[in-house]
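# Residue-level structural notes
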Amino acid sequence: MAGVAGGGGGGGSNDFQWCFSQVKGAIDEDVAEADIISTVEFNYSGDLLATGDKGGRVVIFQREQENKSRPHSRGEYNVYSTFQSHEPEFDYLKSLEIEEKINKIRWLPQQNAAHFLLSTNDKTIKLWKISERDKRAEGYNLKDEDGRLRDPFRITALRVPILKPMDLMVEASPRRIFANAHTYHINSISVNSDHETYLSADDLRINLWHLEITDRSFNIVDIKPANMEELTEVITAAEFHPHHCNVFVYSSSKGTIRLCDMRSSALCDRHSKFFEEPEDPSSRSFFSEIISSISDVKFSHSGRYMMTRDYLSVKVWDLNMENRPVETYQVHEYLRSKLCSLYENDCIFDKFECCWNGSDSAIMTGSYNNFFRMFDRNTRRDITLEASRESSKPRAILKPRKVCTGGKRKKDEISVDSLDFNKKILHTAWHPMENIIAVAATNNLYIFQDKIN
Amino acid sequence: MAAPLGTGTRAEENGQEKQDMQEKETVTPERAEEAKLKAKYPNLGQKPGGSDFLMKRLQKGQKYFDSGDYNMAKAKMKNKQLPSAGPDKNLVTGDHIPTPQDLPQRKSSLVTSKLAG
């Protein structure tokens, strides 16, 4: 059965199918809150895959070199490094509990042998350096091999230490801590294409930082009203343009996106472009604003388009057209008639992310019941797949899933009322060049690849 | 002829039938859901969506504890137990005075992530 094509240079192939590759994490029924994955991100080459969780920990996986003796298995991802990025804190002055949950991880482009990433919780951003050590020096003059200091009077000859190979050790160290710049909760960080600056956005403000400077940041957007009772919208996500270092966008809880140009003024409270889809006033309901809130915004790799995710759909916008999106994809329209219960159980506030494939020909986003959806922009075909332990045999082809909305349920379909709303896929990532995807299902990380023929 | 959307319970009873009727009268599913919600919570704010959610979002993480109230309540109760939190320990309402026992334990995760296992 044809799936959704993606990636590479060659464009869509009709025989495209997704297969299970790996799953990481425990199989326990009782999921500890700390183990819930809160962010997933490939680095620029796709060789490294980072996850952050509610317990403030980061786990980085590295793709193994392809093994000639196992030609059918593409490089697998295995643990490369893991560290505690953030700890829970309590701000006594404000009686505010600060969660250690990692909200976002963003990689820096690689410039030397070490890898750098930014990780952030609600209040503090940290720059981490991950470096390898595979040699150690032996033959010191002043200390023994076991580290004990040698008695200087016993030293009768000098020697030059030599480097000997050792088992690979991967070390993570915090190089910069960017703190105390956000009164509200940080929802986004984005590295600029200049590789020197990055932005951090909270509910009401966006700050610009230099990667080398931690004691200062510039406020570039401030939507806090003078009177908080006049507050009508908050910032939900922000991202720098992939090529133009002066351009960034931010989305709001009212379903609008503003594009700002830092060349036009220091404080970008006035947007350069304003993207909003006109709403039919007759269809407005109590839920309209809530479900229009944008939970994620991502530029295409080309920089020509951007994609937004609201509660029920994904929209692709052409940066040259502000009055409506060029493409709209329904993720789970059947939930529109369940909004009352989704409001009561708070699911209506779930923040789903979305991502592009490397060639911008396909997009992916998550849903409930551990389902995730992919849309091929060229063929307009869409597919629903499931991340489950049942379909976790190596190289097992994923079977498309279908949710039945009407009365008659066909075999293999699942009815809307049987969906498990606790199994939500909020975070997904697509390898920058190949058809490899990482899907976070609560406390498990699934990796799927396209079938190798 | 518009069918009265009635009380919540009536809507539940008639279920599918009511939905069919509503569809015939071109009430969108969203409006039907809104009616269901308003029937259950008649005092729901007039503003659709609106500031209430936003204020709640901005105040996430706020934990109030007043040592004065706590000690006065303890003195008043003397030997009796202080009213403790219900099942949802994060919700502080009414006469309930948060006690140190009620506050969730804030321990950092010293355990390695199971993803790395």
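Residues numbered from 1 in each chain as written. Chains lettered and ligands numbered in written order. Predicted model: local features only at pLDDT ≥ 70, side-chain atom pairs only at ≥ 80, totals over all residues. Heavy atoms only, no water.

In the nomenclature of an unreviewed UniProt entry, chain B corresponds to Alpha-endosulfine from the organism Grus japonensis. Reading the Subcellular location (unreviewed entry) entry of the UniProt record for chain B gives the comment "Cytoplasm". (UniProt positions renumbered as here; feature names shortened; annotations may be inferred.)

Looking at an unreviewed UniProt entry, one finds chain A named Serine/threonine-protein phosphatase 2A 55 kDa regulatory subunit B and attributed to Grus japonensis. Annotation of chain A in UniProt includes, under Sequence similarities (unreviewed entry), the sentence "Belongs to the phosphatase 2A regulatory subunit B family."

## Here's the deal with the pairing of strand β15 (residues 213-222) of chain A
All names here are of chain A. Two strands pair when backbone bridges link them, and strand β14 (residues 205-210) and β15 are joined in this way by 5 bridges, in the antiparallel orientation. Note on β15: the bridge partner recorded for L208 is F218. From the end of β14 to the start of β15, which pair antiparallel, there are 2 residues. (Pairing = 2+ DSSP bridges. Helix = DSSP H or I, 4+ residues; strand = E, 2+ residues; numbered from the N terminus.)

## As for the packing of aromatic side chains
Residue and element names in this part refer to chain A. The tally for this structure, following the rule as stated, stands at 20 aromatic pairs over all chains. Where F286 meets Y343, the ring centres are 5.5 Å apart and the plane angle is 80°; that geometry is what we call edge-to-face. You can see F286 sitting in the loop between β19 (273-275) and α1 (288-292) and its partner Y343 sitting in helix α2 (residues 339-344), a full 57 residues away along the chain. The exposure classification of F286 matches that of Y343, with both residues buried. Aromatic pair Y446 and F448: ring centres 5.9 Å apart, planes at 10°, arrangement stacked. Accessibility expressed as a relative area gives 3% for Y446, which makes it buried. (Phe/Tyr/Trp six-rings, centres within 6.5 Å; stacked < 30°, edge-to-face > 60°. Buried < 20%, exposed > 50% of the residue type's maximum accessible area, 1.4 Å probe, protein only.)

## Quick notes on the interface of chain B and chain A
In this assembly, 37 residues from chain B lie in contact with 64 residues from chain A. For the pair chain B and chain A, the two sides together bury roughly 4100 Å², of which 56% comes from carbon and sulfur. The largest contributions to the chain B side of the interface with chain A come from E30(B), R57(B) and L115(B), which together make up 19% of the buried area. Where chain B packs against chain A, one counts 6 salt bridges. A salt bridge links E30(B) to R336(A); the shortest N-O distance between them is 2.3 Å. Our count for the chain B to chain A interface comes out at 17 residue pairs in polar contact (both at pLDDT 80 or more). Sorting the residues of the side of chain B that touches chain A by element identifies α2 (29-40) and α3 (51-58) of chain B as the ones contributing at least two each. The element contributing the most residues to the side of chain B that touches chain A is α2(B), with 8 residues. When the residues that make up the side of chain B that touches chain A are grouped by side-chain class, the tally is 13 nonpolar, 11 polar and 13 charged. (Contact = heavy atoms within 4.5 Å. Buried area = accessible area lost by both parts, 1.4 Å probe. Salt bridge = Lys/Arg side-chain N within 4 Å of Asp/Glu carboxyl O. Polar contact = N/O pair within 3.5 Å; in protein donor to acceptor, adjacent residues only side chain to side chain. Nonpolar A, V, L, I, M, F, W, Y, C, P; charged D, E, K, R; others polar.)

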